[in-house]
Amino acid sequence: DGGITQSPKYLFRKEGQNVTLSCEQNLNHDAMYWYRQDPGQGLRLIYYSQIVNDFQKGDIAEGYSVSREKKESFPLTVTSAQKNPTAFYLCASTGTGYNEQFFGPGTRLTVL
Amino acid sequence: AQSVTQLDSHVSVSEGTPVLLRCNYSSSYSPSLFWYVQHPNKGLQLLLKYTSAATLVKGINGFEAEFKKSETSFHLTKPSAHMSDAAEYFCVVRAGSSNTGKLIFGQGTTLQVKP
């Protein structure tokens, strides 16, 4: 089955630690996105990549970093510089011929 | 600049009655508009999309939305609510004309369905 997988589903981190969230897609999509969702709010864009080896900051990139070494993978690192990292993180992708973005199941990150 | 406003943060209906979730948008040109649904602790699923074709758009699970340029609205409706419709709904506009342009999300509307 084609789709987007995110792992892990739940993640716990101590303050001061970096943590990496995984996002993989087998849809052959060129563009991939990372969003953050906080309770009662819509999604906010962290980073996006429209092609391998290239990515751009979204609206709330501070404290986050990404890489796009392979078309199917777009990992997100939440660094210790991110002041309020506890949130639900969603990865999405889209490709040629599609107007919409397709979303993964999300990772809930909790900082202890 | 594009923006989207969902006029109700919470809507409560009885099972079997109509659903109306309201959305207004702002866009400097012909927008692409979407409604997504999110069940608790899940990813987002596309309900329907408007991309400058027919103004009345039919989606999955009996939902539909009408694009009204004069009112800058894209309200989501369903004739008869089902318990499984209880979820968070997001109205979304895409920035730019490229299909890879960023999405701009409304704040979301929580739909409660009472038995």
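Residues numbered from 1 in each chain as written. Chains lettered and ligands numbered in written order. Predicted model: local features only at pLDDT ≥ 70, side-chain atom pairs only at ≥ 80, totals over all residues. Heavy atoms only, no water.

Quick notes on the confidence of the model for chain A
Here's step 1: Per-residue pLDDT for chain A has a mean of 93; in total, 98% of the residues score no lower than 70.
Here's step 2: When the elements of chain A are averaged for pLDDT, strand β2 (residues 10-13) of chain A gives the smallest value, 93, and strand β7 (residues 64-66) of chain A the largest, 97. (pLDDT = per-residue confidence, 0-100. Helix = DSSP H or I, 4+ residues; strand = E, 2+ residues; numbered from the N terminus.)

Some thoughts on the interface of chain A and chain B
Here's step 1: If you look at the interface, chain A gives 26 residues, while chain B gives 20 residues.
Here's step 2: Here chain A meets chain B over a buried area of about 1800 Å², counting both sides, of which 47% is carbon and sulfur.
Here's step 3: When the buried area of chain A at its contact with chain B is split by residue, Asn 99, Glu 100 and Phe 103 of chain A rank highest and sum to 29% of it.
Here's step 4: Remark: the boundary between chain A and chain B carries two salt bridges.
Here's step 5: Note that Asp 59 of chain A and Lys 102 of chain B form a salt bridge whose closest N and O atoms lie 2.7 Å from each other.
Here's step 6: Every element with two or more residues in the side of chain A that touches chain B is listed here: β4 (31-37), β5 (43-51) and β9 (87-94) of chain A.
Here's step 7: When residues of the side of chain A that touches chain B are assigned to their parent elements, the largest contribution, four residues, is made by β4 of chain A.
Here's step 8: Residues that form the side of chain A that touches chain B fall into these classes: 10 nonpolar, 12 polar and four charged. (Contact = heavy atoms within 4.5 Å. Buried area = accessible area lost by both parts, 1.4 Å probe. Salt bridge = Lys/Arg side-chain N within 4 Å of Asp/Glu carboxyl O. Nonpolar A, V, L, I, M, F, W, Y, C, P; charged D, E, K, R; others polar.)

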